[in-house]
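Take a look at the letters that make up each chain.
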Amino acid sequence: MRVLVVGQGGREHAICWKLKQSPLVRELYAAPGNAGIAKIADCVQIGVADIVELADFAEKLKIDLTVVGPELPLTLGIVDEFQKRGLVIFGPTRLASELEGSKAFSKDFMKKYNIPTGESTTCSSIDQAKAAIKARGFPCVIKVDGLAAGKGVVIAQNKAEADDYLKLVFEGKKFGNAANRLLVEEFLVGEEVSFMVLTDGTRVVPFAPAKDYKKAFDGEEGPNTGGMGAHSPAVILSGETAGEIMKTIAIPTVQGMTTEGRPYSGCLYIGLMLTASGPKVLEYNCRFGDPETQPQMIRLEDDLADLFMKVARGNLIDTKLNWKKEAAACIVVAAEGYPDEFKKGLKVTVDPIDEEGVIVFCSGAVMRDGDMVNVAGRVMSVCAHAPTLSEALRKAYGAASKVHFEGARYRTDIGYRALEQRKQVVGE
Ligand code: AMP
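Residues numbered from 1 in each chain as written. Predicted model: local features only at pLDDT ≥ 70, side-chain atom pairs only at ≥ 80, totals over all residues. Heavy atoms only, no water.

What about the overall build of the protein chain?
Across its full length, the protein chain holds 13 helices and 24 strands. The C-alpha atoms of the protein chain give 21 Å as radius of gyration, which agrees with the globular expectation for 428 residues (22 Å, within 12%). Taken over the C-alpha atoms alone, the protein chain extends approximately 55 × 45 × 45 Å along its principal axes. Buried positions account for 56% of the 428 residues belonging to the protein chain. Of the contacts made within the protein chain by residues no fewer than 6 positions apart, 69% connect residues no fewer than 24 positions apart. (Helix = DSSP H or I, 4+ residues; strand = E, 2+ residues; numbered from the N terminus. Rg over C-alpha atoms; globule rule 2.2 N^0.38 Å. Buried < 20%, exposed > 50% of the residue type's maximum accessible area, 1.4 Å probe, protein only. Contact = heavy atoms within 4.5 Å.)

Things to note about the side chain of Glu100
For Glu100, the position within the fold is in helix α5 (residues 98–101). Here the side chain of Glu100 touches Cys286 through a polar contact of 2.7 Å, landing on its backbone nitrogen. Those residues within four positions of Glu100 in sequence are excluded, and the remaining contacts are Glu71, Leu147, Tyr284, Asn285, Cys286 and Arg287. (Polar contact = N/O pair within 3.5 Å; in protein donor to acceptor, adjacent residues only side chain to side chain.)

Remarks on the site of the ligand
Among the 15 residues in the neighbourhood of the ligand, the closest are listed as Lys143, Glu186, Leu188, Glu192 and Glu283. A distance of 3.1 Å is found between an oxygen atom of the ligand and a side-chain nitrogen or oxygen belonging to Lys103. In this structure, a nitrogen atom belonging to the ligand sits 2.8 Å away from a main-chain N or O atom of Leu188. In isolation the ligand offers 480 Å² of accessible surface; the protein chains occlude 96% of this area. (Near = heavy atom within 4 Å. Areas by Shrake-Rupley, 256 points an atom, 1.4 Å probe, with all protein chains shown as cover.)

Structural notes on the sheet that holds strand β12 (residues 211–212)
Whenever strands of a sheet pair, they do so through backbone hydrogen bonds, lying parallel or antiparallel. The 5 strands lie next to each other as β12-β15-β18-β23-β20, forming an open sheet whose pairing is antiparallel. Strand pairing shows two members of the sheet lacking a second neighbour, β12 and β20 (358–362), which therefore form its edges. Of the strands in this sheet, β15 (229–232), β18 (327–334), β20 and β23 (378–386) touch helix α12 (residues 389–400), which is tilted by about 30 degrees from β18. (Pairing = 2+ DSSP bridges. Axes fitted to C-alpha atoms, helices over the stretch in contact; angles between N-to-C directions.)

Concerning the environment of Glu71
Structurally, Glu71 can be placed in helix α3 (residues 71–76). Judged by relative accessible area, which is 14%, Glu71 ranks as buried. Here the alpha-carbon distance between Glu71 and Glu98, two residues 27 residues apart in the chain, equals 9.9 Å.

Points about the pattern of salt bridges
What the rule picks out here adds up to 29 salt bridges. Residue Glu71 is joined to Arg287 by a salt bridge in which the shortest nitrogen-to-oxygen separation is 3.1 Å. In this pair, Glu71 is assigned in helix α3 and Arg287 in the loop between β17 (278–285) and α10 (293–299), connecting sequence segments 216 residues apart. Each member of the pair, Glu71 together with Arg287, is buried. Notably, a salt bridge pairs Glu391 with Arg394, separated by 3.0 Å at the nearest N-O pair. In this pair, Glu391 and Arg394 both sit in helix α12, 3 residues apart, roughly one turn of the helix. (Salt bridge = Lys/Arg side-chain N within 4 Å of Asp/Glu carboxyl O.)

Focus on empty space enclosed by the protein
Over the atoms rolls a probe the size of a water molecule, and its path tells where empty space is left. In total, this model carries 1 cavity of 30 Å³ or more according to the counting rule given. By volume, the largest cavity amounts to about 30 Å³. Lining the largest cavity, in full, are Lys103, Ser106, Lys107, Met110, Lys143, Glu185, Leu282 and Glu283. Going through the elements one at a time, α6 (103–112) and β17 are the ones with two or more residues in the lining of the largest cavity. Of all the elements, α6 adds the most residues to the lining of the largest cavity, at 4 residues. Taken together, the residues that form the lining of the largest cavity break down as 2 nonpolar, 1 polar and 5 charged. (1 Å grid on protein atoms, 1.4 Å probe; cavity = no way out; pocket = protein on both sides within 12 Å on 5 of 7 lines; lining within 4 Å. Points joined across faces, edges and corners; volume = space filled by probe spheres on them. Nonpolar A, V, L, I, M, F, W, Y, C, P; charged D, E, K, R; others polar.)

In structure tokens:
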């Protein structure tokens, strides 16, 4: 079949890499793709938000399946546009992707369907927000309602921090319309884990749990980013807890969305805090995680094209996914200054890597005049797989040091939580 992948990050490179291994995939296209994707797919220069152009392209080339990576085209209604034209596409509709597109909607939804999550108040003015913060006390979590690439959240430890953030949002307009409404939330304490499921709106199939590391710097310091590294398995999650998440969160979410008249199909990403009183939802995403997808694709044994097709056609019957026993890890090499200001157009080089089990996905670089240059803050996703997580991390770190550009940096402690926990459990 002919497959089109919409997106330009490390997640889409990993998806293309896995699709390329499917005997079902005869031709692979990406829009707009990146320097790494261009080595395995035909890249078409259409932006991810140009949904009419994307649908025109898919019609013209008789694309059999389109897979959408990022949230923006989903919340803009790419799935609705494709389905209107009878084109097969993997992802939720505009109404269903509001689970990610509006945190206020998702909070109301969770309350209505008794899905465990932190207490929260939705505010539409600075005065309301100040009153909600005062009532909640510190630390408290302040979030913008709309899309902010994982960067619209602050954990305020005191009034000064909360006031600074409110100023940035309401006066500095840092997040534009995404911040027309704000949420003031209870601060949840525990281990964070990403839990993804594939669903066709009826059946819900869990993906291998992964853990990502969102803070910019070692030791969970600094601002939130899109994600600085990840690994799968997540170690922290037992089979029993995974079962509880399916029963109390994933399945009720999919059923609730159907009841709401917003049937959900595609990948549902549930960001969770494992608190002392059980798993609670931090956020929903309406697509795969980046960088969690990179290690997950490395571990997935099944045919991804077949799976995506089953989901898109509403045919996910009796599907159970198979995963390599090995662990996989991903280290994101980022530009200095990310997630705030950073330089673009920096020349990126990667030394030859001969270690077995290393896979370098391109996150934010394109070819320009014969050179690879960065166009985003997260530049490379350096991954490795091995029988143990510590070995996968060792290999990935060895390879990350081979990526060069001015100001290249990465966290040096990805995986430490899982390794610490493992030490406690098995005494290694
Ligand atoms: P979100 O985009 O809502 O997932 O928030 C981004 C990150 O902020 C999460 O991955 C958590 O690390 C942190 N966070 C969000 N909400 C809370 C909360 N209620 N309690 C503690 N940490 C939170």
